[in-house]
Each structure stands twice: as structure tokens, then as C-alpha cells.
Amino acid sequence: MGFFAFAWSILPDLLHATRMTLWITSGSIVLGFLVGIFLALGRVYGPRPIRWLTGGYIQFFRGTPLLVQLLVVYYGLPPYLASLGIQISPLAAAIIGLGLNSAAYQAEYFRGAVQSIQSGQMMAARSVGLSRVRAIRYVILPQALRLVIPSWSNELIYSIKYSSLAYFVSLTELTFVGKKIALHTARTFETYVVVAAIYLVIVLIVSRLLWMLEQRARIPGLGVPTEHR
Amino acid sequence: MNEQHPSRSDGAILRVEGLHKSYGDNHVLRGVSMQMRRGETVVVIGPSGTGKSTLLRCINQLSVPDRGRVWLGDREITCKKQNINCLRAEIGFVFQNFNLFTHLTALANVRIGPMKVKGLKKAAATELAMDELARVGLSDKADAYPAELSGGQQQRVSIARALAMSPQLMLFDEPTSALDPELIGEVLDVMVSLAKEGMTMLVVSHEMGFARSVSDSIIFMEGGVILEQGPPEEFFTAPKEERTRVFLSKITELYGE
Ligand SMILES: Nc1ncnc2c1ncn2[C@@H]1O[C@H](COP(=O)(O)OP(=O)(O)OP(=O)(O)O)[C@@H](O)[C@H]1O
Ligand SMILES: [Mg+2]
């Protein structure tokens with residue numbers, strides 16, 4: 001069997017596994033986004049203990065190997081939750097592990113964006129009578145989220161690739177199924193070429209979508225250096 | 001001055017008593033007291049770094065003063081129990097560098113206060129915002145983003161943003177000093193007509209023409225205190241303090257008459 005015929009024959013199984021990869025990625029990126037925003041806001045606007053805690057969280061998750069974090073969550077969390085009467089699936093455990101890690105990185109991107117906004121924006125928001133929380137919600141975040149798109153895109157692309165670590169917690173995602181096929185057919189090299197190609201296509205599509213999002217969200221004078229003054 | 005110890009109940013809209021503010025070792029405000037009646041325009045002048053901006057920010061608590069009290073009408077702004085957001089909504093603030101919300105159009109900049117602070121519906125807030133934009137002559141720029149406006153236009157939008165909250169008092173911190181000379185006039189025109197309509201305005205500015213023709217009273221600040229205050233005729237022709245005289249002659253040199 002030639003390469004293309006072989007690739008064609010394993011494609012259905014790999015595409016099926018790709019769905020799991022997409023679930024893991026989207027779950028962890030969304031969880032990381034939500035947790036990351038609160039971490040970043042806590043780090044910038046919180047009182048000292050909150051700043052300290054969020055800083056510690058970020059340091060911890062950026063300072064230890066992702067795989068170790070994943071294994072800790074996968075083997076540590078379910079028994080603990082079971083003792084509370086809560087069952088979680090391996091998929092949920094993977095999403096939580098990868099998501100909590102992603103949150104630390106996303107938080108740093110958000111923090112950078114929030115801190116790059118001129119202090120006058122907050123002052124003006126307060127001067128019209130907006131509370132701090134509302135000023136953050138209506139003035140700071142809409143700007144920060146636009147500014148963060150380029151660096152956040154990197155995080156999303158990383159998390160597509162890191163989803164393959166879920167293989168270690170035996171989720172049947174793309175890399176895991178690829179490995180099984182490689183063992184089974186003994187055509188290791190060709191199998192992994194097809195697997196890599198699928199990752200590449202996902203990344204290219206996602207990059208394109210993010211680029212379109214960036215264009216749509218663009219506002220004159222925000223993010224690009226202003227020409228006057 | 002005779003205004004140093006304002007008495008309680010003579011209808012002052014703004015009353016400031018013994019305001020002190022330090023940044024670290026830098027004792028910026030060293031006991032500032034003043035008051036304003038409804039409809040008055042008061043211009044504050046003084047050398048750079050003397051605490052003029054700090055005074056304005058302490059009045060609406062954008063900076064929290066260390067000591068002293070501020071009243072808006074008969075409500076004490078400095079009182080911890082007051083909802084500061086409600087009081088701030090009644091005090092317009094116009095910044096030297098405009099500080100328009102970068103991500104919002106002119107219309108949305110003016111509308112955000114009425115909608116998110118006062119809880120107006122979008123349609124009503126839009127109508128109100130369009131009225132305020134018309135008032136500063138910018139109806140045709142409603143959909144422009146701040147970066148697409150000239151400095152003068154941005155400052156007029158920021159005045160409209162403040163006006164949309166129907167403030168009892170407007171604070172202006174050097175509203176024209178970031179502007180190219182040819183754009184100053186359009187902003188001053190708006191301020192003059194506001195003063196004529198009876199808005200109460202406290203204006204930090206070195207536009208002496210404006211001070212002379214529009215203000216009811218001029219305050220000279222130096223070293224964190226009010227050195228002299230008086231109506232413009234008196235203030236310009238016969239300043240009491242030597243320091244005021246020196247400063248006025250410097251200003252005339254710098255900016256012309
Ligand atoms: N947020 C701040 N933190 C620390 N120091 C500050 C802060 N704001 C003002 N200062 C200091 O307080 C002093 C008074 O500043 P302020 O801006 O009130 O002066 P000003 O009279 O408005 O001067 P200018 O004419 O230059 O605007 C200055 O020495 C300034 O460096
Ligand atoms: Mg100033």
C-alpha cells in the first residue's frame with residue numbers, strides 16, 4: 001500500500017480521535033480563559049493577599065511541568081472528589097488539569113494587556129461615576145481583550161498541541177490513537193506524518209480564525225501606536 | 001482671604017475645608033479651603049507642581065485627601081458613608097489629555113454614564129447623548145472613534161460626556177493645555193457658553209482671556225495653599241500678594257495677554 005492509500009485508510013480513525021483532541025483543547029482553553037481573567041484582575045486590582053495568592057498560583061503552574069500537573073489532577077482529584085460523592089470522567093480531569101495550567105499563562109497575557117491601558121482610562125471611568133467593578137467590566141476589559149488577541153493566539157495554539165499530553169491519562173485523542181495505529185500497522189513514520197498533518201491543519205485553521213477575529217475587533221487607535229500626539 | 005473659614009449654610013454648592021494631601025514625603029496640599037456658589041465660574045492658576053490637579057482630584061475623591069472635608073451642597077463627599085459613585089456622577093471632570101474611552105465611539109463615550117450609572121435604556125441614553133454632542137457642536141462625529149478626532153474635538157466630546165450626567169459642578173483640569181493653539185478656541189467657546197448657561201465650573205487654566213472675561217473669581221495657588229483669591233478686575237489690576245504679581249507677569253510673558 002502506498003503512502004496516500006495508507007493515509008486514507010487510517011484517516012477515519014484519526015479524525016474520530018481528532019474530535020477528542022478538539023474537546024480537550026476547547027474545554028481547557030475556555031476554563032483557562034475564565035480562571036485566567038480572574039487571576040489577572042486579582043493580580044492587578046486585588047488587595048495585597050489576593051495579589052499574593054494569584055501570583056503564587058501563576059508561579060506554581062508556570063514553574064512545574066505540565067505533565068506532572070496533569071498526572072496530579074488525574075490521579076489525585078477523582079479519589080478526592082469521589083470521597084465527596086462527585087464522579088468526574090477522565091476527559092473532565094484532563095480539561096481541568098490542562099485548563100488550570102493554561103489559566104496561569106493566560107493570566108499573564110491578560111495582566112500585560114490590562115497594565116498597558118493608560119491609567120487615565122480608569123480615572124475617567126470613575127469620574128463619570130462607574131464603580132471600580134463596572135469600570136473594569138465596561139472600560140478596562142473591552143480594551144484589554146482586544147489588545148490581548150495576538151499573544152492569546154499563541155496560547156491557544158500551544159494548548160492544541162499540549163492536548164496530546166492527555167495521551168498520558170489514556171484519553172483516546174489524536175496522538176494516542178496514532179500511537180495505537182503505528183503499533184498495529186508497524187508503519188510508524190507514515191502514521192505520525194499523518195497525525196502531524198492533522199495538527200498542522202487545525203492550527204492553520206485556528207490561526208486564520210483568530211486573525212479574522214483580530215480584524216473584526218480592531219478599533220482605530222487601540223493597539224496600534226497612535227500617529228498623532 | 002475672607003473665604004478661609006466658610007460658614008455652613010449660605011447656599012454654597014461646593015465647600016472645601018482644610019484639605020491636606022501628601023504623596024509620600026511630598027506634602028502637596030497644605031490646608032486648602034474654598035467655596036463656590038451655584039452658577040459661579042472660578043479659575044485656579046498657579047505654578048506647575050503646586051497641587052492644582054491634586055486639589056481637583058481630591059474634590060471628587062479620585063485622590064483621597066489625608067485630611068480635610070469637602071461638601072457638595074449639604075452632602076459631605078469626604079464622609080465614608082456616602083456612596084462616592086453617586087456623588088462623582090454629579091461632578092463632571094474634564095482632563096487635560098481628554099481620557100476618552102479608546103474603544104468607544106464619541107456617541108458611546110457620552111452614553112456610557114447615563115446607561116451604566118443612571119440605568120437609562122439605550123434609546124433614551126442615545127437621545128440624551130446626541131443632544132449633548134449637539135451642544136458641543138459634534139453631532140456629525142457621533143460615530144467617530146477618539147483616534148479619528150482632533151484634540152479639540154476629543155476635548156469637546158469629553159465635555160459632552162461629563163454634561164450627559166447633568167452634573168451640579170464641573171471640574172476642568174487644564175482643558176486646553178494639551179491642544180494645538182488653533183484648537184484652543186473651539187474648546188473655550190464651549191466652556192464660555194456653559195458658564196453663560198449657569199453651570200458651576202472650577203477651572204484650572206492659564207487662559208487669561210477666559211479668566212478675565214468669564215470667571216467670577218480667581219484663585220492663585222502656590223506651595224499647596226491658596227495665596228490669594230478675588231474677582232478678576234481686582235485680581236489682575238491690584239493683586240495683593242507680591243507672589244501673585246510675579247506669577248502674573250510671568251504668565252503674561254508666556255501666553256501673552
Ligand atoms: N499620583 C501621584 N503620585 C505621586 N506624586 C504625585 C501624584 N500626583 C501628583 N503628584 C505630585 O504632587 C505634586 C503636585 O502635583 P499636581 O499635579 O497637583 O500639580 P499641578 O499644580 O497640577 O501642576 P501642573 O501645572 O504641572 O499640572 C507634584 O510634585 C507631583 O509630582
Ligand atoms: Mg496639573
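What counts as what
- Residues numbered from 1 in each chain as written.
- Chains lettered and ligands numbered in written order.
- Predicted model: local features only at pLDDT ≥ 70, side-chain atom pairs only at ≥ 80, totals over all residues.
- Heavy atoms only, no water.
- Near = heavy atom within 4 Å.
- Polar contact = N/O pair within 3.5 Å; in protein donor to acceptor, adjacent residues only side chain to side chain.
- Areas by Shrake-Rupley, 256 points an atom, 1.4 Å probe, with all protein chains shown as cover.
- Helix = DSSP H or I, 4+ residues; strand = E, 2+ residues; numbered from the N terminus.
- Buried < 20%, exposed > 50% of the residue type's maximum accessible area, 1.4 Å probe, protein only.
- Core = buried A, V, L, I, M, F, W, Y, C linked by side-chain atoms within 4.5 Å.
- Contact = heavy atoms within 4.5 Å.
- Pairing = 2+ DSSP bridges.
- Buried area = accessible area lost by both parts, 1.4 Å probe.
- Salt bridge = Lys/Arg side-chain N within 4 Å of Asp/Glu carboxyl O.

*Asks:* Looking at this structure, how should I read the site of ligand 1?
*Replies:* Residues and elements named next belong to chain B. Around ligand 1 sit 13 residues in total, of which Ser48, Gly49, Lys52, Ser53 and Thr54 are the nearest. In the environment of ligand 1, an oxygen atom lies 3.0 Å from a nitrogen or oxygen atom belonging to the backbone of glycine 51. At 2.8 Å from an oxygen atom of ligand 1 is found a side-chain nitrogen or oxygen belonging to lysine 52. Computed on the free molecule, ligand 1 has an accessible area of 630 Å², of which 60% lies beneath the protein chains in the complex. Counting residues per element, the ones that place at least two in the shell around ligand 1 are strand S2 (26–37) and helix H1 (52–59). With four residues, H1 is the largest single contributor of residues to the shell around ligand 1.

*Asks:* Looking at this structure, how should I read the side chain of Thr41(B)?
*Replies:* Within the fold, Thr41(B) resides in strand S3 (residues 41–45). Note on Thr41(B): relative accessible area 1%, which makes it buried.

*Asks:* Explain the nonpolar core here, please?
*Replies:* Considering soluble globular proteins, one finds that nonpolar side chains tend to be buried as a cluster. Counting 81 residues, the largest nonpolar core has Leu14(A), Leu14(B), Met34(B) and Leu202(B) as its most contacted members. If you tally residues by element for this core, the top one is helix H6 (residues 132–162) of chain A, at twelve residues. Among all residues touching Leu202(B), those that are not within four sequence positions of it are Leu14(B), Met34(B), Met36(B), Val42(B), Val44(B), Leu56(B), Ile59(B), Leu169(B), Met170(B), Leu171(B) and Phe172(B). Ranked by size, the runner-up nonpolar core spans 46 residues in total, among them Phe98(B), Ala142(B), Ala160(B) and Ile218(B).

*Asks:* Looking at this structure, I do not really get the sheet that holds S2(B). What am I missing?
*Replies:* Sheet strands pair via backbone hydrogen bonds, and the direction of the pair is either parallel or antiparallel. Residue and element names in this part refer to chain B. The strand order S2-S1-S4-S5 describes an open sheet built from four strands, whose pairing is antiparallel. Here the strands that pair on one side only, and so sit at the sheet edges, are S2 and strand S5 (75–76). Summarising the sheet, strand S1 (residues 12–23) and S2 pair through nine bridges and their orientation is antiparallel. The partner of alanine 12 across the bridge, within S2, is arginine 37.

*Asks:* Teacher, can you tell me more about the interface of chain A and chain B here?
*Replies:* The accessible area lost on association of the parts is a frequent measure of interface size. Between chain A and chain B, the residue contacts involve 24 residues of the former and 25 residues of the latter. Between chain A and chain B, the buried area comes to about 2200 Å², and carbon and sulfur atoms account for 63% of it. Where chain A touches chain B, the interface holds zero salt bridges. Across the contact surface, chain A and chain B share seven residue pairs in polar contact (both at pLDDT 80 or more).

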